[in-house]
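Listed below, chain by chain, are the residues.
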Amino acid sequence: MSSASALFVFRRRRVLVWLVPLLWTLGLGLWGLSRQESVWRDEAATWQVAGRSTDEIWAMLANVDAVHGLYYLLMHGLFEVFGASTTTLRLPSVLAVSAAAACVGLVGSRLAGFWAGVGGGTALGLLPSVQFYLQEGRPYALVAAGAALSTLLLVSLLESGPGRRTWPRWAAYGIAVLVCALLNWLSLLALPAHAATLGWVRAGRAVWLRWAGYGTAAVAGALPLILFSRGQSDQVSWIPPLTWPVLIGPGILLAVGGLGAWADRPERPARPDRRALSVAAVGLPLLAVPQLGLIGLSLVQPLFQDRYVLFSMVGLALLIGAALAAAVRLCARRFPRASALVVPGVVGASVLALLPVELGKRAPASRVDDVLAVASEVAGLKRDGDAVLFVPAARRDTALVSPSAFGGLADVALAASPVASATLKGEEAEPARIRESLLGQQRVLLVTDAAKVAKAPSAERDKAKEAVLREHFRMVADRQVRGRRVTVYRPVPWGLPRPARAEGKHRKAEGRPCTGRTRAPRPCGRVRGRAPRARPDRRVARYGVVRAGKEKR
């Protein structure tokens, strides 16, 4: 091969090593992006906040969700330019993970060759946890992109060594770390991971000083947000304490990453005064340190959620790429021509093996609920002048995302709207006022969680809502769709008994006392010595009234 041909191949590979992962991940992200036009509760928060003005967002951040303030402002700008839609909501995450895959490709190719870069970059978009947040209207994919970029900058600085013209890259490194921290300050766990890399390769004193200076500047820039958001820590009070089953997932990830680090074999010899910069030196700390660091923090305050350390998947992807590169080298010793098919073959087989996961992540059932689906049910059930209730109050998100579906309904429990109160769910009236407002209604729609996921109400206002509906109203319609439930209630007619519950309803309808015990099964035939007991007319409705035209034929 001539030198010109070799140069052409080198340049082509240098482009393909980041372009292939970028386009591959972009295709995965655009596939089923709308998720059948569904939006779940976490994305609903982004949607309704992005639709507010800048001043209203700033006012809200003083009370709640300050940790996501930068992301909300970014999405507000996108909604203003492109309009509110599922594409506008999720496309930034798709682009961010695609950029992270390109960075993984560049880092892998620098440290372990072309196939390590292509394999690691394409593997990132196939990881199940990444596929979930690849199409999510939340900031975690953007944090992963920033962590991948800062890792690429650090690797380039370690390879180039100290010099006068390194300050622009160091400045870019500090900015990337700072932006990630403003999107989610737990991303600062990437800094100790990078410190572990510097220690692994025995970096020089000058590198350590520059890293410490720019890293400290990034932490200082994020410190006001960290301190302020600590006052809103009740937002994460729902996270359960660590248990052994929760640690199974991180354990599996660390085991897979350890195998990739073991398979990594740097081809370039190390300098006498330092160890070689390898995929293991970069990828293993980036995977392990954030996972173990968040576990350690969760021992003090429960915080462990895999999305908070999604950026650690960049390290796992690098280690998978190193393992694939090792497989290519092993195959090339015996089958040189077939070695080029190893990575494409493994990626293709992984796509087929993970096809149920890929389809599941793109289905509405992959999320706990769907605020748009329940809004459609409300639009079909409502009548002008009806009242609407939300239990818990956070389920008001469906009305905030789809206000047209709730037009003509009176939110009788609401005292101040979310915008007026600078909150996510608004402020509700006192329980006595809610009770008084409900008793004057002729038709009430209750929006709550589906029976399978619903929890007993804990707030006094929610308890008051359910008590009034149970004592003074009867259910006339009930719809459950994609994790949410809409129930229509009407007042109990005067003079009729209150609707009975469970086993005793037939006894109350017949005027007999309800013992609360389950009726014993009737014998199949006639009992000797006793006349057959007359069975009640099954056409009798709950309140003893035979509805015209409803006779059973």
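Structure's up top.
Residues numbered from 1 in each chain as written. Predicted model: local features only at pLDDT ≥ 70, side-chain atom pairs only at ≥ 80, totals over all residues. Heavy atoms only, no water.

**Description of the overall build of the chain**
Step number 1: In terms of helices and strands, the chain carries 22 helices and seven strands.
Step number 2: Here the chain, with 553 residues, has 45% of them falling under the buried criterion.
Step number 3: On the chain, roughly 28,100 Å² of surface is accessible, and the fraction owed to carbon and sulfur atoms is 61%. (Helix = DSSP H or I, 4+ residues; strand = E, 2+ residues; numbered from the N terminus. Buried < 20%, exposed > 50% of the residue type's maximum accessible area, 1.4 Å probe, protein only. Areas by Shrake-Rupley, 256 points an atom, 1.4 Å probe, with all protein chains shown as cover.)

**Thoughts on the pattern of salt bridges**
Note that side chains of opposite charge can pair when their charged atoms are close.
Step number 1: Considering all chains together, one arrives at 21 salt bridges under this definition.
Step number 2: For the salt bridge of Asp-369 with Arg-41, the shortest nitrogen-to-oxygen distance reads 2.8 Å. With Asp-369 in the loop between α16 (355-361) and α17 (371-381) and Arg-41 in helix α2 (residues 41-50), the pair connects residues that are 328 residues apart, well separated along the chain.
Step number 3: What makes Arg-41 partly exposed here is its relative accessible area of 22%. (Salt bridge = Lys/Arg side-chain N within 4 Å of Asp/Glu carboxyl O.)

**What to know about the side chain of Thr-46**
Step number 1: You can see Thr-46 is positioned in helix α2.
Step number 2: Within the structure, the side chain of Thr-46 is placed 2.8 Å from the side chain of Arg-138, a separation counted as a polar contact.
Step number 3: If sequence neighbours within four positions are ignored, Thr-46 has contacts with Tyr-71, Tyr-72, Met-75, Leu-89, Gly-137 and Arg-138. (Polar contact = N/O pair within 3.5 Å; in protein donor to acceptor, adjacent residues only side chain to side chain. Contact = heavy atoms within 4.5 Å.)

**Some points on the environment of Ala-145**
Step number 1: As for its placement among the helices and strands, Ala-145 is situated in helix α8 (residues 140-160).
Step number 2: Residue classification places Ala-145 among the buried residues on the basis of a relative accessible area of 15%.
Step number 3: For Ala-145 and Leu-95, which are 50 residues apart along the polypeptide, the C-alpha to C-alpha distance reads 9.0 Å.
Step number 4: In this structure, Ala-145 is in contact with Ala-96 and Ala-100, ignoring residues within four places of it in sequence.

**Concerning unusual backbone geometry**
Step number 1: Between Val-391 and Pro-392 the backbone carries a cis peptide bond, its omega angle lying at -5°.
Step number 2: One can find Pro-392 in the loop between β1 (387-391) and α18 (397-401).
Step number 3: For Arg-202, which is not a glycine, the phi torsion comes out positive at approximately 55°.
Step number 4: Turning to its location among the elements, Arg-202 is positioned in the loop between α10 (190-200) and α11 (205-229).
Step number 5: The partly exposed category is assigned to Arg-202, whose relative accessible area is 48%.

**Focus: the sheet that holds strand β2 (residues 410-411)**
Step number 1: One open sheet accounts for five strands, arranged β2-β1-β5-β7-β6; its pairing is mixed. Since the sheet does not close on itself, it has two edges, and those belong to β2 and β6 (473-481), each with one partner.
Step number 2: Helix-sheet contacts for helix α21 (residues 460-472) involve β1, β5 (444-449), β6 and β7 (484-491), and the interaxial angle to β1 is about 125°. (Pairing = 2+ DSSP bridges. Axes fitted to C-alpha atoms, helices over the stretch in contact; angles between N-to-C directions.)

**Some details on the packing of aromatic side chains**
Step number 1: Counting across every chain of the model gives ten aromatic pairs.
Step number 2: Aromatic side chains Tyr-133 and Tyr-140 sit 5.8 Å apart centroid to centroid with 75° between the ring planes, which places their arrangement in the edge-to-face category.
Step number 3: For Tyr-140, a relative accessible area of 5% gives the class buried.
Step number 4: When the ring of Trp-170 is compared with that of Tyr-214, the centres are 6.1 Å apart and the planes differ by 10°; the resulting orientation is stacked. Residue Trp-170 is located in helix α9 (residues 167-183), and its partner Tyr-214 is located in helix α11; the two are separated by 44 residues in the primary sequence.
Step number 5: Over the face of the ring belonging to Phe-114 we find Arg-13, whose NZ or CZ atom lies 4.5 Å from the ring centre.
Step number 6: Directly above the aromatic system of Phe-132 lies the positively charged group of Arg-367, at a separation of 3.8 Å from the ring centroid. (Phe/Tyr/Trp six-rings, centres within 6.5 Å; stacked < 30°, edge-to-face > 60°. Lys NZ or Arg CZ within 6 Å of the ring centre and 35° of its normal.)

**Concerning the packing of helix α5 (residues 86-112) against α8**
Step number 1: As a packed pair, α5 and α8 sit with axes 8 Å apart at the nearest point and diverge in direction by 20°. Taken together, the axis directions place α5 and α8 in an arrangement best described as roughly parallel. Crossing hand, α5 versus α8: left-handed. Side by side, α5 and α8 meet where Pro-92, Ser-93, Ala-96, Val-97, Ala-100, Cys-103, Leu-106, Val-107, Arg-110 and Leu-111 of the first sit next to Ala-141, Leu-142, Ala-144, Ala-145, Ala-148, Leu-149, Leu-152, Val-155, Ser-156 and Glu-159 of the second. (Parallel < 35°, antiparallel > 145°, perpendicular 65-115°, else oblique. Left-handed = near helix turned anticlockwise from the far one by under 90°.)

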